[in-house]
Amino acid sequence: MTAIMGASGSGKTTLINFLTSRSTRGSTILYDGELLVNGVPVGDLSPLKNIIGFVPQEDTVVREATIKENFEMYGRYRGVKNLGKRVQDNIEALDLDHCKETIVGDEFQRGISGGELKRTSIGIELMSHPEILFLDEPTTGLDANTALDIVSHLRKLCVTRGMGIVAVIHQPRPEILAQFDQVLVLSDGNLIFDGTLEEIETKLINLGYSLPKFETSVDFLMKLIDIHQIKTNLAKNFDLNEGKIQVLANLVLQERIESITLAEEKFNMSKRSTILDSIDRKLSLPMKEESVKSHLIESVSEYRSTKIEDALDPELMLKY
């Protein structure tokens, strides 16, 4: 099981749409770089559609039909053989036997619960017997216990059916994230981490970060690469207009992405060298909170220093 994580606008949905051949223009998928499937170069992912299942964030079910009827309708549409057995197998796999004859319902007619609805959406995709199942934020809008229940069922499917599962997850609790074998973290369209939860903590420590006591390593990493969080902190500490804050925030994000992704390749990138991390220095720009010191120019790579000079008033640069 693989979790895809990242701040809003980082490219999670774009990536999952590409991998499921849902992001197309005509019949051609647009992308840069080399596309490999099991190590073999391919020019198009669309031939794999028959072995891929996709569960969108919005549940697409027939609200007036029962759970069993939804499974049967989709199974007939896909030409499933042994339809009755496939329907019952999926009902049992998702623990829906007790409510299989209950209509889905909507805001006007009471039906199944939110967790049962999400499991029904998953079951509909299971009717085509996919080898890999993609899900776009399957836990969004659910309470913590229901979200854990959904991910636990996905874990069971992964183990019992040998199915690959990839899910976009937004702000999961630690016990939910622990169900996943692999974590992909995106930021601004860049893949900045690919590995296990334990490797995230190790990497952050190696980069010189001190992890907060009451925060998971994933949450801490997400804060580091959240452009909105960076802008908020900069606006609090630097007395600059919104446009200049945006320029500096973009530079901070770019530096952090490179420091995380290139640490193993470039020794000089292994240290934390960003605006917000350079604190308690002798020199500082005029800020609203004088207790926060920042050695600005040395906090970014040399080729970006001119961009910072353009973003700051000459008077501020002279004072610096």
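Residues numbered from 1 in each chain as written. Predicted model: local features only at pLDDT ≥ 70, side-chain atom pairs only at ≥ 80, totals over all residues. Heavy atoms only, no water.

Visitor: Help me understand unusual backbone geometry, please; the structure alone is not making it clear to me.
Guide: A negative phi angle is the norm for most residues apart from glycine, just as the trans form is the norm for most peptide bonds. The phi torsion at N38 lies on the positive side, around 55°, for a residue other than glycine. Unusually for a residue other than glycine, D95 sits at a positive phi of about 55°. Here D95 is to be found in the loop between α3 (83-93) and α4 (114-126). (Helix = DSSP H or I, 4+ residues; strand = E, 2+ residues; numbered from the N terminus.)

Visitor: Even after reading the chapter, I still don't get the packing of helix α7 (residues 197-206) against helix α8 (residues 217-224), so can you show me in this structure?
Guide: Packed helices, taken two at a time, are described by the angle their axes make and the gap between the axes. Between α7 and α8, the shortest axis-to-axis distance is 9 Å and the interhelical angle comes to 55°. The orientation of α7 with respect to α8, classified from their angle, is oblique. With respect to the hand of their crossing, α7 and α8 are arranged in left-handed fashion. Across the interface between the two elements, L197, I200, E201 and L204 of α7 pack against S217, V218, F220, L221 and L224 of α8. For the contact of α7 with α8, the residue count by class is 7 nonpolar, 1 polar and 1 charged. (Axes fitted to C-alpha atoms, helices over the stretch in contact; angles between N-to-C directions. Parallel < 35°, antiparallel > 145°, perpendicular 65-115°, else oblique. Left-handed = near helix turned anticlockwise from the far one by under 90°. Contact = heavy atoms within 4.5 Å. Nonpolar A, V, L, I, M, F, W, Y, C, P; charged D, E, K, R; others polar.)

Visitor: Before we go on, may I ask you to explain the confidence of the model for the protein in this structure?
Guide: For any part of a model where pLDDT is low, the fine detail of the predicted coordinates should not be relied upon. Overall, the predicted model of the protein reaches an average pLDDT of 80, with 79% of residues at or above 70. A low-confidence stretch, residues 267-276 stays under pLDDT 50, and its non-local contacts, those more than four residues away or across chains, total 33 contacts. (pLDDT = per-residue confidence, 0-100.)

Visitor: What should I look at first to understand a negative patch on the surface in this one?
Guide: A contiguous patch of negative charge, built from D194, E198, E199 and E201, is present on the exposed surface. With 3 residues, the top contributor of residues to the negative patch is α7. Examined against the element boundaries, D194 turns out to sit in strand β8 (residues 190-195). (Patch = residues over 30% accessible without salt bridge, like charges linked within 9 Å, V, L, I, M, F, W, Y side chains within 5 Å. Areas by Shrake-Rupley, 256 points an atom, 1.4 Å probe, with all protein chains shown as cover. Salt bridge = Lys/Arg side-chain N within 4 Å of Asp/Glu carboxyl O. Lys, Arg positive; Asp, Glu negative; His and termini not counted. Charge placed at Lys NZ, Arg CZ, Asp CG, Glu CD.)

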